[in-house]
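# Per-entry structural report
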Amino acid sequence: MSTAALALRDSRTMLRRVLLHARRYPSLSLSVLIMPVTMLLLFTFAFGGALGAGLTGGSGPGSAAGTGADYIDYIAPGIMLMAATAGSLSVAVGVCVDMTGGIVNRFRTMSISRTAFLTGHVVGAVLQTMAGVVLVTVVAVLIGFRPDASPLEWLAALGLLTLVALALAWLSAGFGLVARTVESASNMPMPLQFLPFLGSAVVTPETMPAGLRWFAEHQPFTPVIETLRGLLTGDGIGTDGPVALAWCTGLVLVGHLWARRAFHRSAAGR
């Protein structure tokens, strides 16, 4: 059997282990599924009137920046992006638990691929995260989200969200490897999860103060959110699509290289 085939087999084994842990200890997995739905309901029904009116100067449920669309049509793509960031916490905690619990040292004495441990955690997190994305999308449609996307545009949107989830999973795997404790591992990905709030997820950057507006317009998540919004509402993606793809691809590469280096460095420092 070739090296690549062995690595694939070992990665499947590690993925099965991660999914079994998620089933037996569902607290983190449930947060990945429930928190985005909670955020969607909160912003739509509790804050939607005020935030939507602030976008348009109107009243009621609000409309998104002159498009005539209900606020749910503005907020839903942003919450879908937030759902794609939700799995970063679980992979950071899972990797740190394995590193501090000693199981990784046992894996290193076995004849398995060195990359399988990280790959299993990352792919497991992406699968759980995308389940959360699908759930929040279904709930959004049930409460009034009306996307105007073709099957190809839906496929592109899901592909972009998968790429976001993959990028943040690799970055969070690096967090889990360098964290000294599970508590610190759980805190490290938090800025990634809140960064969409400082973009165009909830309100347009034009409503923000000058300095914050500049940050919102140039941070990674804003072009991703605008690309999703353009794909799902039929408004077009303009230059946001290539920028979002470049950001996500770069974060995947950086996160992957960082996590692998941290893993090998931990082996050297045993």
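Residues numbered from 1 in each chain as written. Predicted model: local features only at pLDDT ≥ 70, side-chain atom pairs only at ≥ 80, totals over all residues. Heavy atoms only, no water.

### A word on the overall build of the protein
Tallying secondary structure elements over the protein gives 13 helices and 0 strands in all. Each helix and strand of the protein, placed in order from N terminus to C terminus, yields the pattern α-α-α-α-α-α-α-α-α-α-α-α-α. A compact globule built from 270 residues would reach a C-alpha radius of gyration of about 18 Å, and the protein, at 20 Å, matches this within 12%. In terms of overall dimensions, the protein has C-alpha extents of about 65 × 40 × 35 Å along its principal axes. Here the protein holds 270 residues, and the buried ones make up 47% of them. (Helix = DSSP H or I, 4+ residues; strand = E, 2+ residues; numbered from the N terminus. Rg over C-alpha atoms; globule rule 2.2 N^0.38 Å. Buried < 20%, exposed > 50% of the residue type's maximum accessible area, 1.4 Å probe, protein only.)

### Topic: empty space enclosed by the protein
Counted by the stated rule, this structure contains 4 cavities of 30 Å³ or more. If you add up the space inside the largest cavity, you get close to 60 Å³. Taken together, Val104, Phe107, Arg108, Ile112, Ser113, Arg114, Phe117 and Phe263 make up the lining of the largest cavity. Ranked by residue count, the leading element in the lining of the largest cavity is helix H6 (residues 103-108), at 3 residues. Here the residues of the lining of the largest cavity sort into 5 nonpolar, 1 polar and 2 charged. (1 Å grid on protein atoms, 1.4 Å probe; cavity = no way out; pocket = protein on both sides within 12 Å on 5 of 7 lines; lining within 4 Å. Points joined across faces, edges and corners; volume = space filled by probe spheres on them. Nonpolar A, V, L, I, M, F, W, Y, C, P; charged D, E, K, R; others polar.)

### Brief notes about helix H5 (residues 87-101)
Taking 1.5 Å per residue, 15 residues should reach 21 Å; H5 reaches 21 Å between its end C-alpha atoms and fits that length. Every buried residue of H5 is accounted for by Gly87, Ser88, Leu89, Ser90, Val91, Ala92, Val93, Gly94, Val95, Cys96, Asp98 and Met99. Within two residues after H5, Gly102 carries a phi angle of roughly 95 degrees, on the positive side. (Expected span 1.5 Å × (residues − 1).)

### A closer look at helix H12 (residues 221-233)
The terminal C-alpha atoms of H12, which comprises 13 residues, lie 18 Å apart, in line with the 18 Å expected from a rise of 1.5 Å per residue. Of all 13 residues that make up H12, 11 are buried, and the element is covered over most of its length. Every buried residue belonging to H12 is among Phe221, Thr222, Pro223, Val224, Ile225, Thr227, Leu228, Arg229, Gly230, Leu231 and Leu232, and all of these are buried. In the stretch just after H12, Gly234 is the one whose phi turns positive, near 80 degrees.

### So, the side chain of Ser200
Here Ser200 lies in the loop between helix H10 (190-194) and helix H11 (210-218). The exposure class of Ser200 is buried, given its relative accessible area of 0%. Within the structure, Ser200 has its side chain in polar contact with the side chain of Glu226 (distance 2.7 Å). Here Ser200 is in contact with Tyr74, Pro205, Thr222, Ile225, Glu226 and Arg229, once residues within four sequence places are set aside. (Polar contact = N/O pair within 3.5 Å; in protein donor to acceptor, adjacent residues only side chain to side chain. Contact = heavy atoms within 4.5 Å.)

### Some details on the pattern of salt bridges
Per the stated rule, a full pass over the model turns up 4 salt bridges. Of the charged contacts, one joins Arg213 and Glu217 as a salt bridge, the two residues approaching to 3.1 Å between their closest N and O atoms. Separated by 4 residues within a single helix, Arg213 and Glu217 lie in helix H11, roughly one turn from each other. Take Arg213: its relative accessible area is 33%, and that puts it in the partly exposed class. (Salt bridge = Lys/Arg side-chain N within 4 Å of Asp/Glu carboxyl O.)

### Examining the packing of H5 against helix H7 (residues 116-142)
Contact geometry of H5 with H7 gives a least axis separation of 9 Å together with a crossing angle of 150 degrees. If you check the angle between H5 and H7, you find them roughly antiparallel. For the pair H5 and H7, the crossing hand works out as right-handed. The segment H5 lies against H7, with Gly87, Ser90, Val91, Gly94, Val95, Asp98 and Met99 engaging Phe117, His121, Val122, Ala125 and Thr129. (Axes fitted to C-alpha atoms, helices over the stretch in contact; angles between N-to-C directions. Parallel < 35°, antiparallel > 145°, perpendicular 65-115°, else oblique. Left-handed = near helix turned anticlockwise from the far one by under 90°.)

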